[in-house]
Amino acid sequence: MTYRAAECETLLGHASAKAVICLSTAKDYAAAKQMLGLKSKCPKLAHVIALGPPVKGAHGLSEMIESQTDATLPEPPVASDPFLLLYTSGTTSAPKGVPLSYHNMLSNARLGAPEHGITSDDLIVSAAPFTHLFGLYSFHIAMATGACNILLPVFTPPDLASLIERDRPTGLWTAPAHIAACRGMGLVDKHDFSSLKLVIMSGSACPTELVEWFQEQIPDGAVTQLWGMTETQGGLYTRPGDPLAVSAHSAGRPSPGTEIRILDPETGASKAPGEEGELQIRGCLLFPGYYNNPSANEAAFAEDGWFRTGDLATADKDGNVAITGRIKDVINRGGVKYNPRDIEDLLDAHPKIALSAIVPMKDEVLGEKACAFVTLSPGAKNVTLKALCDHLLKYKIAKNKLPEKLVVVDEMPLTPTRKIIKGKLKPPED
């Protein structure tokens, strides 16, 4: 993985940085000379190691390798060793600790890189943070291929748009909320996004119309979707060569080394293509179990070892999986259960709505009704519940699925990966 000099200067100038060894992977010594020039600006830069012809002031990598003495580690690392301890998003309940091994994460990225078409010639930027799995996936793919990571210190829509125009990345890792924010501010029209050959959208439910719209903005690139969890990293994704109808309407097919099945969550019976059920998964990407949480493990794993994702999904005859919602998001209205995902997608497509989330609210007669929380698009005003319901009825939505209360909020509670934390949305009591 390589960084350009400006990025190294940013990294090395950070207050918490310590002595750093900087590796130049350029074919000539120009990059190494450029790194040496940073020493006057970055006093914490201790060494520059040059790969290639000798450079005065830098250590030669080949010489260092030849001069090293034989040494053995008392406990050499193995692929199953713990690599990271991450925590689930906690969008509906308390987060759970997820230990992941080197094998889980690095093999998933290495096998996934050719599926995404990533090579050492690519420049990758992630709008998602490196503090969680989706952003780390971009980092690990760069490590596996020798691609370059372009750093976005903090996401704001203007900063992302300016970086894409200035630094010309070829790959973008992004959540739907990132792109929706850029569209809402008109930034895609104001900035040049034409360098992008691959966009991977993930982190939350991706509205079909958003994928279709963004694909129109970068006709020479491919907008794809990825589904994953803290427990799995990249489990499903569409590929760059897939038709737009596949990338816009599904999360794609399993990653290499991954198996999935869709079962009835109550009976355990297999679901036929097109029928909704719980998505279950296994493979080399799967974590070994939650940290110090046997009750969570008992609930999360089926008796035969498959991981119960808690996501509802359908699969078509070609194996493309569409995520239709979460089992825990199901609203039970008078004994009729439904998942609000399709309603949220339609609300998100409304020109006055930036983000929406539907959560259950208590009802003395029916048990539960639906409450819609929304944030407004820039400049939008006077959104009413009736107007939104009329919008939904145009799409022939069953009346029992219509939201029965509307709450407009300035901001949605979001995780770092831009998922809405529904557990923090509390419907007001009448």
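Cut-offs applied
Residues numbered from 1 in each chain as written. Predicted model: local features only at pLDDT ≥ 70, side-chain atom pairs only at ≥ 80, totals over all residues. Heavy atoms only, no water. Buried < 20%, exposed > 50% of the residue type's maximum accessible area, 1.4 Å probe, protein only. Helix = DSSP H or I, 4+ residues; strand = E, 2+ residues; numbered from the N terminus. Pairing = 2+ DSSP bridges. Axes fitted to C-alpha atoms, helices over the stretch in contact; angles between N-to-C directions. Contact = heavy atoms within 4.5 Å. Core = buried A, V, L, I, M, F, W, Y, C linked by side-chain atoms within 4.5 Å. Parallel < 35°, antiparallel > 145°, perpendicular 65-115°, else oblique. Nonpolar A, V, L, I, M, F, W, Y, C, P; charged D, E, K, R; others polar. Patch = residues over 30% accessible without salt bridge, like charges linked within 9 Å, V, L, I, M, F, W, Y side chains within 5 Å. Areas by Shrake-Rupley, 256 points an atom, 1.4 Å probe, with all protein chains shown as cover. Salt bridge = Lys/Arg side-chain N within 4 Å of Asp/Glu carboxyl O. Left-handed = near helix turned anticlockwise from the far one by under 90°.

Asks: Quick question: what am I supposed to make of the pairing of strand S10 (residues 222-229) here?
Replies: Most of S10 sits out of view: seven of its eight residues are buried. Pairing between S10 and strand S11 (residues 233-237): four bridges, direction antiparallel. Across the sheet, the residue bridging to Trp227 is Leu236, located in S11. The antiparallel pairing of S10 with S11 creates a hairpin that spans three residues between the two strands.

Asks: Teacher, can you tell me more about the sheet that holds strand S16 (residues 321-326) here?
Replies: Paired through their backbone hydrogen bonds, the strands of a sheet run either parallel or antiparallel. Ordered in space as S13-S14-S15-S16, the four strands form an open sheet in which the pairing is antiparallel. Taken across any chain shown, the strands that pair with only one partner, and hence form the sheet edges, are strand S13 (258-263) and S16. When strand polarity is set aside, the average angle formed by the axes of neighbouring strands in this sheet is 45°. Where strand S14 (residues 277-283) and strand S15 (residues 307-315) come together, four bridges link them in antiparallel fashion. Directly across from Ile281, in S15, lies its bridge partner Phe307.

Asks: Where do I start with helix H12 (residues 341-348) in this structure?
Replies: Owing to its 3.6 residues per turn, the α-helix aligns residues three or four sequence positions apart on the same side. Most of H12 is tucked away, with six of its eight residues classed as buried. In this fold, the buried residues of H12 make contact with helix H9 (208-217), S16, strand S19 (353-363), strand S20 (367-376) and helix H13 (385-393).

Asks: Honestly, the nonpolar core in this entry has me stumped. Any pointers?
Replies: Nonpolar side chains tend to gather and get buried jointly when the protein is soluble and globular. The biggest cluster of nonpolar side chains holds 26 residues, and the ones touching the most others in it are Leu160, Leu172, Phe193, Leu196, Val199, Met201 and Phe214. Of all the secondary structure elements, the ones that give two or more residues to this core are helix H6 (157-167), helix H7 (176-184), helix H8 (187-190), strand S9 (198-201) and H9. Discounting residues that sit within four places of it in the chain, Met201 has contacts with Phe134, Thr174, Pro176, Ile179, Cys206, Leu210, Val211, Val223, Thr224, Gln225 and Leu226. Counting 25 residues, the second largest nonpolar core, distinct from the first, contains Leu100, Ala251, Leu285 and Ala296.

Asks: Got a minute to help me understand the packing of helix H4 (residues 102-116) against helix H5 (residues 133-145) in this structure?
Replies: Helix-helix packing is described using two parameters, namely the angle between the two axes and the distance between the axes. It is the contact of H4 with H5, at a shortest axis distance of 8 Å, that shows an interaxial angle of 75°. In this view, H4 runs roughly perpendicular relative to H5, as classed from their interaxial angle. Residues Met105, Leu106, Asn108, Ala109, Arg110, Gly112, Ala113 and His116 of H4 lie in contact with H5, whose contacting residues are Leu133, Leu136, Tyr137, His140, Ile141, Ala144 and Thr145. Among the residues forming the contact of H4 with H5, the class breakdown is nine nonpolar, five polar and one charged.

Asks: Would you explain the sheet that holds strand S6 (residues 123-126) in this entry?
Replies: Strands sit in the order S7-S6-S8-S9-S10-S11-S12 across an open sheet of seven strands; the sheet is mixed. Two strands bound the open sheet, and with one partner strand each, they are strand S7 (148-150) and strand S12 (253-254). Judged from the three bridges that link them, S6 and S7 form a sheet pairing that is parallel. Following the sheet pairing, Ile124 is matched in S7 by Asn149. Each of S9, S10 and S11 touches H4; the most contacted strand, S11, lies at about 35° to it.

Asks: Could you clarify how one ought to interpret a nonpolar patch on the surface in this entry?
Replies: Together, Leu85, Tyr87 and Tyr291 make up a nonpolar patch on the protein surface, roughly 340 Å² of accessible area in all. Turning to its location among the elements, Leu85 is positioned in strand S4 (residues 82-87).

Asks: Explain the packing of H7 against H9 to me, please; I cannot follow it from the model alone.
Replies: Taken N-terminus to C-terminus, the directions of H7 and H9 make an angle of 60°; their axes are 11 Å apart at the nearest point. Regarding the angle of H7 to H9, the classification is oblique. As H7 packs across H9, the resulting crossing turns out to be left-handed. On H9, the residues that touch Pro176, Ile179, Ala180 and Arg183 of H7 are Glu209, Leu210, Trp213 and Phe214. Considered class by class, the residues forming the contact of H7 with H9 number six nonpolar, no polar and two charged.

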